[in-house]
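Overview (structure and organization)
Spelled out, the chains give:
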Amino acid sequence: MHHYSCVKIAAGAVVCVESEIRGDVTIGPRTVVHPKARIIAEAGPIVIGEGNLIEEQALIINGYPENITPESVVEPKTMTIGMNNVFEVGCVSQALKIGDNNVIESKADVGRNVILTSGCIIGAFCQVNTCEVIPENTVIYGSGCMRRVQTEKPQPQTLQLDFLMKILPNYHHLKKTVKAGHNV
Amino acid sequence: MELSEILYNKAEYIETASGNKVSRQSVLCGSQNIVLNGKTIVMNDCIIRGDLANVRVGRHCVVKSRSVIRPPFKSSAKGKASFFNDHVFIEEDCVVNAAQIGSYVHIGKNCVIGRRCVLKDCCKILDNTVLPPETVVPPFTVFSGCPGPLAPRKPPPDPSLSVHLSRPSPVFVSLSLSLRSIFRRAPRVHAGPHDRCNQELLPEVLAAQPDLSPASKPPVGSTPSPASSRSGSLTRNKDS
């Protein structure tokens, strides 16, 4: 299976060089990727929308599902991430479809079969490994992963994004679009 | 809580003139904004984000592996700075977004300290705790749970028990001292005659330093009022 390592970074995005991006990843404008963030597109491409904030030690991985035999052919599924999402420090996200305005807090773990609609907040340390669609404006919190529905979606982090887009280039080298095709 | 000595590979750590030991595998972004005040240890794979705002870390702090220290973001134009006082011990895999951490704080493994939290002196955060944003942790409390404080336990007002609970601070002072084993020097302990020391140590201390006023600050960096009991146990740790 050949993967073309083709990272397409839009013009307004701020992607630090110390972040690790592997595979076929498309990053939209106004997205900020902190150093030491990891975006790994193993089993298919990842498309990240605009206005997202991916903090350090966050892991967004489009990986192979578990329990497959080596001979089986897994068709590549695209992982889509919408706009204005926040992936805080140390979270792990394998969800194939993430909508807009979601917040995945520190050390949260979102499994592959979860679909986040919009406005969801996955609290810190929560592990969501079920096979379901999480309705809009849901907050999952606490050690028992309790849920509640809130009336409005979380605010987009425009102020923080603007701040970061101004100061991160001062301290880090940024990645530009890599248009090389490598056979991995 | 007794901490064992950790032997480290000298080649892996950069040692500065003021005694800071920073691992070469840690990531210090914006290092011009990071101030480590001396004798601080940063272990491998830590991330300290000085590019977001200033980070001021006190003396004798220990940041263990894979922890992340990032100053919180404030909605005003400039990010707020992050101040850590002396003797802060942060264990592995923590995420610390706190605005301010007082002295002698112990943060357990795998914790998440929310943004703009304020941790006052001598508090203890147990392992696997999540502190919601903007929590203020009062002094001498123990927080645990997800979300903490699931069971904030205050130490009882019995003074002998509070000596026991404040013992962790000299214990990890002794850890950081053992990591700097090259500079092993007995710390000079100042304690006045009417400070709360263990009785068997008091004549020894008095014989060494007979004419000190209780208001003199000990050079190890502890504050006078809660340190009276602590300096007693500090000499005991060094003797053992």
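Residues numbered from 1 in each chain as written. Chains lettered and ligands numbered in written order. Predicted model: local features only at pLDDT ≥ 70, side-chain atom pairs only at ≥ 80, totals over all residues. Heavy atoms only, no water.

With that out of the way, let us pick up the overall build of chain B. When helices and strands are tallied, chain B shows four helices and 20 strands. The buried share of chain B, taken over its 240 residues, is 52%. Put simply, of all contacts in chain B between residues at least 6 apart along the chain, 33% involve residues at least 24 apart. Taken as a whole, chain B presents about 10,700 Å² of accessible surface, with 55% of it coming from carbon and sulfur. (Helix = DSSP H or I, 4+ residues; strand = E, 2+ residues; numbered from the N terminus. Buried < 20%, exposed > 50% of the residue type's maximum accessible area, 1.4 Å probe, protein only. Contact = heavy atoms within 4.5 Å. Areas by Shrake-Rupley, 256 points an atom, 1.4 Å probe, with all protein chains shown as cover.)

The end-to-end C-alpha separation of helix 1 (residues 158-171) of chain A is 20 Å, in line with the 20 Å expected for 14 residues at 1.5 Å each. Along helix 1 of chain A, the sharpest change in direction is near 25 degrees and occurs at A:Met165; proline A:Pro169 comes one to four residues later. Three or more residues of helix 1 of chain A are buried, namely A:Gln160, A:Leu161, A:Phe163, A:Leu164, A:Ile167 and A:Leu168. The inward-facing, buried residues of helix 1 of chain A abut strand 2 (14-15), strand 5 (32-33) and strand 8 (53-54) of chain A together with strand 6 (47-49) of chain B. (Expected span 1.5 Å × (residues − 1). Bend = angle between axes of the 7 residues up to and from the residue.)

Enumeration according to the criterion identifies 14 salt bridges over all chains in this entry. A salt bridge links B:Lys21 to B:Glu15, with the nearest nitrogen and oxygen atoms 3.4 Å apart. Here B:Glu91 ties to B:Lys109 by a salt bridge, and the two come within 3.2 Å at their closest N and O atoms. Linking B:Glu91 in the loop between strand 11 (89-90) and strand 12 (95-96) with B:Lys109 in the loop between strand 14 (106-107) and strand 15 (112-113), this pair joins segments that are 18 residues apart in sequence. Residue classification places B:Glu91 among the buried positions, given a relative accessible area of 9%. Put simply, A:Glu55, A:Glu56, B:Arg49, B:Asp51 and B:Arg70 are held in one network by salt bridges that share partners. (Salt bridge = Lys/Arg side-chain N within 4 Å of Asp/Glu carboxyl O.)

Here we come to the interface of chain B and chain A. The interface is formed by 29 residues belonging to chain B together with 22 residues belonging to chain A. Summed over both partners, the interface of chain B with chain A buries about 2,000 Å², with 66% contributed by carbon and sulfur atoms. Counting across the interface, chain B meets chain A through three salt bridges. One salt bridge in this structure joins A:Glu56 and B:Arg49, with 2.5 Å as the shortest N-O distance. For the pair chain B and chain A, the number of links is eight residue pairs in polar contact (both at pLDDT 80 or more). Secondary structure elements with two or more residues in the side of chain B that touches chain A: strand 3 (27-29) and strand 6 of chain B. Of the residues contributing to the side of chain B that touches chain A, the split by class is 13 nonpolar, eight polar and eight charged. (Buried area = accessible area lost by both parts, 1.4 Å probe. Polar contact = N/O pair within 3.5 Å; in protein donor to acceptor, adjacent residues only side chain to side chain. Nonpolar A, V, L, I, M, F, W, Y, C, P; charged D, E, K, R; others polar.)

Residue and element names in this part refer to chain B. Considering every residue of chain B, the mean pLDDT works out to 67; 55% of them sit at 70 or more. Within the model, the stretch residues 156-206 combines pLDDT values under 50 with 90 contacts to residues more than four positions away or in other chains. Low pLDDT, under 50, characterises residues 209-240; the predicted model gives this stretch 59 contacts beyond four residues in sequence or across chains. On the interface metric, ipTM, the complex scores 0.77, and its pTM is 0.70. (pLDDT = per-residue confidence, 0-100.)

Inspection of the secondary structure puts A:Ser106 in the loop between strand 14 (103-104) and strand 15 (109-110). Residue classification places A:Ser106 among the buried residues on the basis of a relative accessible area of 2%. When the C-alpha positions of A:Ser106 and A:Gly123 are compared, they lie 7.5 Å apart, and in sequence the two are 17 residues distant. If we ignore the near neighbours within four places in the chain, the residues touching A:Ser106 are A:Glu88, A:Val89, A:Ala124, A:Phe125, B:Val95 and B:Val112. At 3.4 Å, the side chain of A:Ser106 and the side chain of A:Glu88 are in polar contact.

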